[in-house]
Structure formats: structure tokens, C-alpha cells
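# Fold and contact review
Here are the chains, one letter per residue:
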Amino acid sequence: MSWGSELWDQFDNLEKHTQWGIEYLEKYTKFVKERSEIEFNYAKQIRNLSKKYQPKKNSREEEESKYSFCRAFLATLNELNDYAGQHEVIAENLMSQIITELARYTQELKTERKSHFHDGRKAQQHIESSWKQLESCKRKFERECKEAERANQHFERMDADINVTKADVEKARQQAQMRQQMATDSKNDYSSYLQKFNQEQNEHYFTIIPNIFQKLQDMEEKRIEKLGVCMKTFAEVNRQVLPIVGKCLDGMTKAAGSIEPKTDSKQVVESYKSGFEPPGDVEFEDYGQAMKRTASETSLSNSKEGKEKSASKSKGKLWPFIKNKNKLMSLLTSPHQPPPAPPASSLPSPSAVPNDPQSPKQHKEPLSNRLNDFMASKPKMHCLRSLRRGGSGPEDFSHLPPEQRRKKLQGKLDDLNKDIQKEMDQRDALTKMKDVYIKNPQMGDPASVDPRLTEIGQNIEKLQLEAQKFEGWLAEVEERMPSKSDTQRRSVLYETQNNTTVGNNCAQDRESPDGSYTEEQNSETQVKATVNPASTTPDFDDEFDDEDSLPTIGTCKALYPFEGHNEGTIAMAEGEVLYVIEEDKGDGWTRVRRNQDEEGYVPTSYVEVFLETNAKDS
């Protein structure tokens, strides 16, 4: 149906309708713009979320990357980042394909609508003006007719009156004829203009206005069609990213499917395996033999045998499971060097020092020297607390358990080999360049390459020396690591040792001054088991209870001030009274406690020890 034929008299309503259509188009444009902003904000939030949970550049996150579920989560985050990118694509396409296009089209539509209604108003004004002129002609014709009628009636009255002169009658007759002529002219003008107006009105309502309304109808239909196209584009913009979004979701599903619990469990073993042997069986201690002791059994040799038994017993203790970390730290951080001699200017007399027999200058000095010499021949054992904090440690990773040390050395060696290969590739490339310069001198000076070749050669030499050093350490640790057959053999040997008497020299070579178990003299120092020096009973509560600590066996008074700079020692002031929790074991150090949390070693020759009676009897 045509607007021109059906709505010829609805000019004002059509004007309002077309204006509403344009406003609706602007409303849809605003909707798409807000949707685009939502997509942009959603993509931004998704990207921020993915970035927030991305692994940071630290050792812990690098450790996490070993596990399949961590890698799967990282892959999910990467896919989520790509997923956010697709929502950015949606927002960008909505902006470029719909919002920008509709904004331009709306301006064109407003201009076109304004032009059409301007023409319509102009035609309307023209027909209204013609109608006014027609009405003017009609009124003039009507007025002239009335004037002619009055003039004719006046002439007839004058002509019938005998008292009127002939001249007045003639004048009235001429006046009536003139009015009649004017009425006739007005009639002709009115008739002519009426015909003209009818033509113009017919053209206005059947040609001009229908054409304008037809253009408005076409404009409105194009607007509706454009709106439909934009709505379709709106859906297609979202549909276009679905394949890639599907791939992102498939990637997340694939990442989830790549999780391997068994492999992760195996990786835990690879990450934390120490390479130490499990502790052997705990030997039986026959306390009934104490009743058969003689006076000779209290000699120094028997005291040493007791230490050997204590050392042998301590081999079977499960130090990795000790809960009391302070006790473990104190044991691992006992001094590794002989205690200092007391000040020469104020050495106390032998009678003034009741514990002088325990001084390192008495009969126990050779044992201390042997222990100190033994420790000097080994790399120092690092504080376990510093390892837990992630300290740097020595270059050869000797502070790590054997298995972890082997992995660190192997990784370092692989890195060095990669660096060597990189340097060799650069050397080969420069050598080829030099050959080209030699064959074609115009391309460059061969001598200009020599400094770089020399530098690369030096780098390769340094890296090779470094690699040889790590290869030696790696071969050493692999040689020291026990195999399954070695473990079985050592277990049998340990059982045999439990049933035989151990010599003094063996006990001295197997027990370090800080109470840690070590290998033979030609082997690398490795922490095997932590010993509680004051423990003389096989009570497991002493090892596993956090609340239990070493009992106080006496007190001591500081004869001289001691600064306690060495690791594992404790400072004391002259005259200070401390609690003794462990006697001198022959290395010249006595273990004391100031309060519940502060304990350490002090030189035996620096203190005067007062042991309790029950402690001496025991």
C-alpha cells in the first residue's frame, strides 16, 4: 500500500512517525554501543583474571610447572586469555560494523527526511496560497455583482422618476453599465483562477504530495531494512567467534585431559627423593648387664664404649620425623671447631675448676683432635634452617641430599653444555665469515673477526673447565649414592655390627662432634641421622614429642665471658649461671640452656659445672 494514496491527508502524523523511526534507530545504536562496552569490560576482566593467576617468576612456580595439573591450569589460563580476545573481537566488530555504520546512516536519514518534509511544506504552502487567492477572487466577484445590482436598481429608479433630468438618468445608466462590466470581469477572473486552482490542487494531492510521501515511505522502509541488517550482523558478529571460542574450550578440555595423577606422584618422588638409606633396626640394649658391672667398668675406656654404643644406637633413630625443630637445629648447628682456650691472664687453678677433667686439655683432647681433624677433612654441613629458607648454598650443592644434589648438578651441567654449544656455533659462524672475507677481501677485513674469535675461545675454555668441575662432582655423588644391592648389603652389615663389639676408633670415625652421622673418611659428608647426645634411653617420646626437651642434669657458672660467634654456640657473661643439659662428650663443648628456647654450646673450660646427684649416678 502506498502512503501517497492512502495517507494523503496525514502529513503531520507521517512527520511524527518518521521522527520516531529515527529515534528508534538511535536507540538501537545506543544498545549496541552498550553491548560493545560490556564485551570490552568482560574481556578486560577475563584478561586480568588470567594474568592474576599466571605463575610468577620464582622458584616455587617453576617447581609447580613440573606437575601435569599445574601445566593444565596454565594451559587453561592461556586459553582463557584467547577466549577474552574473542570477546574483544566481538566488541571491535560491533563498533566498526554496526555502531559506526548506524551513526553515519542516521545522519543521512535525518538529512533526507528534512529535505522531503521541506518539499511537502512548500507544496502545502503553495496550495494554501492558491486557495486564498481563489477565495479573494470569489469575494471580489461577489462584491462586484452586488455593486452592479445596486447600480442597475438605481438606474431603473432614476429612469422611472419624471422629475429627474435626462442627464441624471443618462449618468445612472452609464454607472449601471460600468458596474455590470466590472462584475463580468470579476466573474471571468474568478472562473479563470478557479480553473487554475483546481489544476494545482489536483496536482498537489495526486502528484506532488504522493511523490513526497512515496519518498518518505521508501526512506522508512530502507531504515527498517537497515535495522534488520544490523540485527543480523549483531548475531553474525557473535557467531563468527564461536569456532575460535570452541577451540579455546576444546583446549581447556584437552588440558584437563592431560592431567596424569600417576606421573605427578612420580614427580613428587623425583623432586623430594633424598637418596639417603632408611635407618636400620634399633639394637637391643640389655640393661640387666648393669648389675654385673665391676669397679673397672667405670674407667675411661668403658665410658668410650658407652659413647660407641650411643653412636651405634643413634644410627637407627628417625631424625627426619623429629617434631622438635629447635632441638634438631641445635644438633645440626653445633660448633665444628675446637673450643677456644680460656684467657691466659686469668686461668683458674685446677682446684678451682671442678670439671677440669672434662676440659679439652685433659685426657679427652686426643679424641677431640681426631674428631676435629675428621670434620676439617669434610665440607661443612650447612644449617638445615637456612636450607628450609631457600639459601643459596655452596657451588657444589653439597648441602643437599644426594639425589637432589645429583639433579642440581646434572641440571647445571646441561646448562653449561648448552652454553658451550652456543659459543661453538658462534665460533663456527665467525670462522665461516672469516673464510668469506679471506676469499673476498672487498666484503670485509678478516682480521676484524679475530678478537671476537679469541674471546669466544676463552669463553669456551672457561665453560669447559666449569663443566669438568661439575662432571667431577656429579661422578662423585653418583659413585657415593647407594644402589639397592648396596642397601641390602649394608643392612646385613649393620645387623652384624649390632651383635658385635664396636672399637673405639670406629666410633670416633663415624660420629661427628655435632652429632650427625657421616660416611667413611673418603666419602662426602652427608647428613644421615640426627643424634640426641643426652639421650641414654630408647624412649621414642623424646624424639617425637614437641613438648619434650632435654632434661636439666645440673648447672654451671661462667668463669670467663664467651661471645659465641660460631654457629651453634651461645654467648654468656662472666659469672652467669646456666642449666647444663648435656655433658662434654670429649670434644671440649658443653651444651647449656638459658631459657626454654635459647640453648647452645659453650667451651667446657670456660664454665664450672655442678651436676645433680641423680644425674651423676645415672
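Calculation notes
- Residues numbered from 1 in each chain as written.
- Predicted model: local features only at pLDDT ≥ 70, side-chain atom pairs only at ≥ 80, totals over all residues.
- Heavy atoms only, no water.
- UniProt positions renumbered as here; feature names shortened; annotations may be inferred.
- Axes fitted to C-alpha atoms, helices over the stretch in contact; angles between N-to-C directions.
- Helix = DSSP H or I, 4+ residues; strand = E, 2+ residues; numbered from the N terminus.
- Parallel < 35°, antiparallel > 145°, perpendicular 65-115°, else oblique.
- Contact = heavy atoms within 4.5 Å.
- Nonpolar A, V, L, I, M, F, W, Y, C, P; charged D, E, K, R; others polar.
- Pairing = 2+ DSSP bridges.
- Expected span 1.5 Å × (residues − 1).
- Buried < 20%, exposed > 50% of the residue type's maximum accessible area, 1.4 Å probe, protein only.
- Phe/Tyr/Trp six-rings, centres within 6.5 Å; stacked < 30°, edge-to-face > 60°.
- Lys NZ or Arg CZ within 6 Å of the ring centre and 35° of its normal.
- Core = buried A, V, L, I, M, F, W, Y, C linked by side-chain atoms within 4.5 Å.

An unreviewed UniProt entry annotates the protein as Formin binding protein 1 originating from Takifugu rubripes. The annotation that UniProt attaches to the protein under Sequence similarities (unreviewed entry) is "Belongs to the FNBP1 family."

## A closer look at the packing of helix H4 (residues 68-160) against helix H6 (residues 242-257)
Their axes nearest at 8 Å, the elements H4 and H6 cross at an angle of 175 degrees. One element, H4, and the other, H6, form an angle in the roughly antiparallel class. Counted together, Ala72, Ala75, Thr76, Glu79, Leu80, Asp82, Tyr83 and Gln86 of H4 and Ile244, Val245, Lys247, Cys248, Gly251, Met252, Ala255 and Ala256 of H6 form the full contact between these two elements. Taken together, the residues that form the contact of H4 with H6 break down as 10 nonpolar, three polar and three charged.

## Here's the deal with the sheet that holds strand S2 (residues 577-582)
The pairing of strands in a sheet comes from backbone hydrogen bonds and takes either a parallel or an antiparallel form. Strand order in the open sheet formed by five strands is S4-S3-S2-S1-S5, with antiparallel pairing between adjacent strands. Sheet topology places strand S4 (599-603) and strand S5 (607-611) at the edges, where each strand pairs with a single neighbour. Geometrically, the sheet is characterised by an average inter-axis angle of 40 degrees between neighbouring strands, direction not taken into account. Taken together, the three bridges between S2 and strand S3 (residues 589-593) define a ladder with antiparallel strand orientation. From the neighbouring strand, tyrosine 579 faces S3, where its bridge partner is arginine 593.

## A short note on the side chain of asparagine 238
As for its placement among the helices and strands, asparagine 238 is situated in helix H5 (residues 166-240). Setting aside residues up to four positions removed in sequence, asparagine 238 forms contacts with Arg35, Glu39 and Ile90.

## Thoughts on helix H12 (residues 402-439)
End to end, H12 covers 55 Å across 38 residues, agreeing with the expected 56 Å (1.5 Å per residue, within 8%). All of the buried residues in H12 are Pro402, Glu403, Gln404, Arg405, Leu409, Leu413, Leu416, Ile420, Glu423, Leu430 and Tyr437.

## A short note on the packing of aromatic side chains
In the structure shown here, the tally under the stated rule is 15 aromatic pairs. Look at tyrosine 28 and phenylalanine 31: their rings are 5.8 Å apart centre to centre, the planes differ by 40 degrees, and that puts the pair in the tilted class. One end of the pair, tyrosine 28, and the other, phenylalanine 31, are both in helix H2 (residues 11-52), three residues apart, so they sit about a helical turn from each other. Looking at phenylalanine 31, the relative accessible area reads 42%, which means it is partly exposed. Arranged with centres 6.5 Å apart and planes meeting at 80 degrees, the rings of tyrosine 42 and tyrosine 83 form a pair that is edge-to-face. Note that tyrosine 42 is positioned in helix H2 and tyrosine 83 in helix H4, a separation of 41 residues in sequence. Each residue in the set Tyr560, Phe562, Trp589 and Tyr606 is aromatic and connected to the rest through ring pairs, giving one cluster. Taking the ring centre of tyrosine 105 as reference, the NZ or CZ of lysine 226 above it sits at 5.8 Å.

## So, the pairing of strand S1 (residues 554-558)
Residues Gly554, Cys556 and Ala558 line the buried face of S1, whereas the alternating positions Thr555 and Lys557 sit on a face that is not buried. Relative to S2, S1 is paired through four bridges, and the arrangement is antiparallel. When the bridges of S2 are listed, lysine 557 appears paired with valine 577. Pairing between S1 and S5: five bridges, direction antiparallel. In the sheet register, threonine 555 faces S5, and the bridge partner there is phenylalanine 610.

## Here's the deal with the nonpolar core
Of all hydrophobic cores here, the largest spans 34 residues; its most connected members are Tyr28, Val32, Leu94, Ile98, Phe213 and Leu216. Elements with a minimum of two residues in this core: H2, H4, H5 and H6. When residues of this core are assigned to their parent elements, the largest contribution, 12 residues, is made by H4. In this structure, valine 32 is in contact with Leu94, Ile98, Ile99 and Phe234, ignoring residues within four places of it in sequence.

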